[in-house]
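Summary of the model geometry
Chain residues, written in single-letter form:
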Amino acid sequence: MVDVYFIEAAASDEAGSLSHKVEALYDILAIEAQIKQDSFVALKVHFGEKGNTGYIRPEWLSGLAARLTQKTRRAFITDTNTLYVGSRSNASEHLKLAWEHGYSQEALGIPVWIADGMIGRDDDEIKVDLPRIRSAKIASTFLSTDVLLCFSHFTGHVLSGVGAALKNLGMGCASRAGKLEQHSDVHPWVKSKKCTLCSTCFEYCPTGAIVEQDSAAFIQDETCIGCGECLVVCPTGAIGLSWDDDKGRVQEKIAEYAYSVHNLFEGRAGYFNFLVRMTRDCDCMSKDAPSFMEDIGILASRDPVALDKASVDLVNTRAGKDIMQELQPIDWTIQLRHAQEIGLGSMEYGLKDLSPDGRH
Ligand code: SF4
Ligand code: SF4
């Protein structure tokens, strides 16, 4: 039975109160003993897409960030670039958006860093030999990181039904090539009518897989390694991606990527889910969406599977039904069951309520 800790909280609470609660959860996970003066400590977050307002506020992490600066000179806040083209698909624009959303060294006392480089190319391949993937392409920063603290905003998700720790870990710590592998089983392709033959993708493609054919760029499947770089460098949006419509398979790949990242840390990772401002879709949506239920609080555990299961259980219990399945008609249990099967964690947990009146 794995311990999952809970504290009641709401986004409308004073920021200092939320920050103290995060620190209390961090303390109970007892990870600080693993941090040395020169340890690289990553606070993995999602800065929120432009126009999104549901993302975890930097003020809620400020107390912990200050604590970490006393312990190590190498703590940092980080996320990876997106697969899709947008304001988080390269480090330059991504850092600007993070700053606009309040994430900065000035605000938190620790640097903000994009974990997979300027265009999502910086990764390392880890051999795992799991049912869906032979190896995982993880943002290289995480392979140089000693301690991982992963902060996830609990939401619904169009592919996985639920977006929480497993999603943040599996998809959120993968490089662009890793994200592409999770999202699609086929290589990108060129929409010839939109191609102006500007040749940008020819220059970026690391394998020379793109050639000219019938007055447009053409991707040769046999040489394409699925890195996804052409997707983000094309100025006309001419490169298409076939999203995998087998959502069970996508969830299983997410779980296997999450396993690959979690195993890098062996007792040096802690996970925190924020059940506040919960929306039907994730923070990649560039809109201000309404919450589907009242705020519940923050949960934390060293086991991301137990944490996500406890989070869904709290939400569904509060709703009196499987509201996650209702919001996104997807079997969200697939990611959890698969994660448990491959040994990432346990769906059996004991909830320890640290709230003053301890109702759960
Ligand atoms: S996905 Fe990568 S390897 Fe494939 S065509 Fe695009 S840039 Fe080249
Ligand atoms: S970058 Fe886009 S527009 Fe330019 S050649 Fe490649 S597919 Fe065509």
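The structure displayed is predicted, hence computed values, not measured ones.

Cut-offs used in this document
- Residues numbered from 1 in each chain as written.
- Chains lettered and ligands numbered in written order.
- Predicted model: local features only at pLDDT ≥ 70, side-chain atom pairs only at ≥ 80, totals over all residues.
- Heavy atoms only, no water.
- Phe/Tyr/Trp six-rings, centres within 6.5 Å; stacked < 30°, edge-to-face > 60°.
- Helix = DSSP H or I, 4+ residues; strand = E, 2+ residues; numbered from the N terminus.
- Buried < 20%, exposed > 50% of the residue type's maximum accessible area, 1.4 Å probe, protein only.
- Domains from an automatic or database assignment.
- Buried area = accessible area lost by both parts, 1.4 Å probe.
- Salt bridge = Lys/Arg side-chain N within 4 Å of Asp/Glu carboxyl O.
- Polar contact = N/O pair within 3.5 Å; in protein donor to acceptor, adjacent residues only side chain to side chain.
- Nonpolar A, V, L, I, M, F, W, Y, C, P; charged D, E, K, R; others polar.
- Axes fitted to C-alpha atoms, helices over the stretch in contact; angles between N-to-C directions.
- Parallel < 35°, antiparallel > 145°, perpendicular 65-115°, else oblique.
- Contact = heavy atoms within 4.5 Å.
- Near = heavy atom within 4 Å.
- Core = buried A, V, L, I, M, F, W, Y, C linked by side-chain atoms within 4.5 Å.
- Pairing = 2+ DSSP bridges.
- Lys, Arg positive; Asp, Glu negative; His and termini not counted.

Let's shift gears to the packing of aromatic side chains. Inspection of every chain in the model, using the stated rule, returns four aromatic pairs. On the basis of an interplanar angle of 10 degrees and a centroid distance of 5.8 Å, the ring pair of Trp60 and Phe274 is categorised as stacked. With Trp60 in the loop between strand E2 (40–44) and helix H2 (62–71) and Phe274 in strand E14 (residues 269–275), the pair connects residues that are 214 residues apart, well separated along the chain. The exposure class of Phe274 is buried, given its relative accessible area of 0%. For the pair Phe151 and Phe272, a centre-to-centre distance of 4.6 Å together with 20 degrees between the ring planes defines the contact as stacked. In this pair, Phe151 sits in strand E7 (residues 147–153) while Phe272 sits in strand E14, placing the two residues 121 residues apart along the sequence. Look at Phe272 and you get buried, because its relative accessible area is 0%. One aromatic cluster in this structure is built from Trp60, Phe151, Phe272 and Phe274.

A few words on the domain arrangement of the protein. By a widespread convention, an interface's size corresponds to the accessible area lost as its parts come together. When its domains are assigned, the protein resolves into domain 1 (2–181 + 245–353) and domain 2 (187–240). Averaged C-alpha coordinates put domain 1 and domain 2 at centres separated by 32 Å. Taken together, both faces of the contact between domain 1 and domain 2 bury some 740 Å²; the carbon and sulfur share is 67%. Between Arg121 and Glu229 there is a salt bridge whose closest N-O contact spans 2.6 Å. The interface formed by domain 1 and domain 2 includes two residue pairs in polar contact (both at pLDDT 80 or more). For the side of domain 1 that touches domain 2, the class distribution of residues is six nonpolar, two polar and two charged.

For the pair helix H1 (residues 15–29) and H2, interaxial distance at closest approach is 7 Å and the crossing angle is 50 degrees. When the interaxial angle is binned, H1 and H2 end up oblique. Contact with H1, carried on its side by Ser19, Val22, Glu23, Tyr26 and Asp27, involves Ser62, Gly63, Leu64, Arg67 and Leu68 of H2 and no other residues of that element.

What follows deals with H2. Within H2, the full set of buried residues consists of Gly63, Leu64, Ala65 and Leu68. At its buried positions, H2 is contacted by H1, E2, strand E3 (74–79), helix H4 (105–108) and E7.

Around ligand 2 lies a shell of 14 residues, among which Cys195, Cys198, Ser199, Cys201 and Cys234 are the nearest. With three residues, helix H7 (residues 200–204) is the single largest residue contributor to the shell around ligand 2. Tallied by class, the residues present in the shell around ligand 2 amount to 10 nonpolar, four polar and no charged.

Before going further, it helps to spend a moment on the nonpolar core. Ranked by internal contacts, the top residues of the largest apolar core, which has 53 residues, are Phe142, Leu148, Phe154, Val315 and Met324. If you tally residues by element for this core, the top one is helix H10 (residues 304–319), at seven residues. The contacts of Val315, once residues within four sequence positions are left out, are Phe154, Leu275, Met278, Phe292, Met293, Ile296, Ile323 and Met324. Listed in part, the 38 residues of the second largest apolar core include Trp60, Ala91, Ile114 and Ala300.

So, about the environment of Phe265. Along the chain, the position of Phe265 falls in the loop between helix H9 (247–262) and E14. Setting aside its immediate chain neighbours within four residues, Phe265 contacts Phe142, Thr145, Asp146, Val147 and Leu148.

Before going further, it helps to spend a moment on the sheet that holds E7. If you trace the eight strands from one edge of the open sheet to the other, you get E4-E3-E2-E7-E14-E15-E1-E16, paired in mixed fashion. The two strands at the open ends of the sheet, each matched to only one other strand, are strand E4 (112–114) and strand E16 (349–353). The sheet shows a mean angle of 25 degrees between the axes of neighbouring strands, taken without regard to direction. Where strand E1 (residues 2–8) meets E16, five bridges bridge the pair, whose relative direction is parallel. If you follow Val4 over to E16, its bridge partner there is Leu351. The sheet strands contacting H1 are E1, E7, E14 and strand E15 (297–301), and the helix crosses E1 at an angle near 165 degrees. Each of E3 and E4 is contacted by helix H3 (residues 91–100), which is oriented at about 150 degrees to E4, the strand it contacts most.

Right, let's talk about the pairing of strand E12 (residues 216–219) for a bit. Of the pairings in the sheet, the one linking strand E11 (residues 210–213) to E12 comprises four bridges and is antiparallel in character. Paired with Glu212 across the bridge in E12 is Ala217.

A few words now on the side chain of Asp308. On the secondary structure map, Asp308 appears in helix H10. Notably, Asp308 is buried but unbridged: the nearest opposite-charge side chain belongs to Lys167, and the N-O separation is 11 Å. Of note is the side chain of Asp308, whose polar atom sits 2.9 Å from the backbone nitrogen of Leu166. Apart from the residues within four sequence positions on either side, Asp308 is in contact with Ala164, Ala165, Leu166, Asn273 and Leu336.

One pass over the full model with this rule turns up 21 salt bridges. Close ionic contact of Glu23 with Arg67 constitutes a salt bridge, the shortest N to O distance being 3.0 Å. With Glu23 in helix H1 and Arg67 in helix H2, this residue pair connects regions lying 44 residues apart in the sequence. In this structure Glu23 comes out as buried when scored by relative accessible area, which is 14%. Judged by relative accessible area, Arg67 falls into the partly exposed class, the value being 22%. Sharing partners across several salt bridges, the network here consists of Glu23, Asp27, Glu32 and Arg67.

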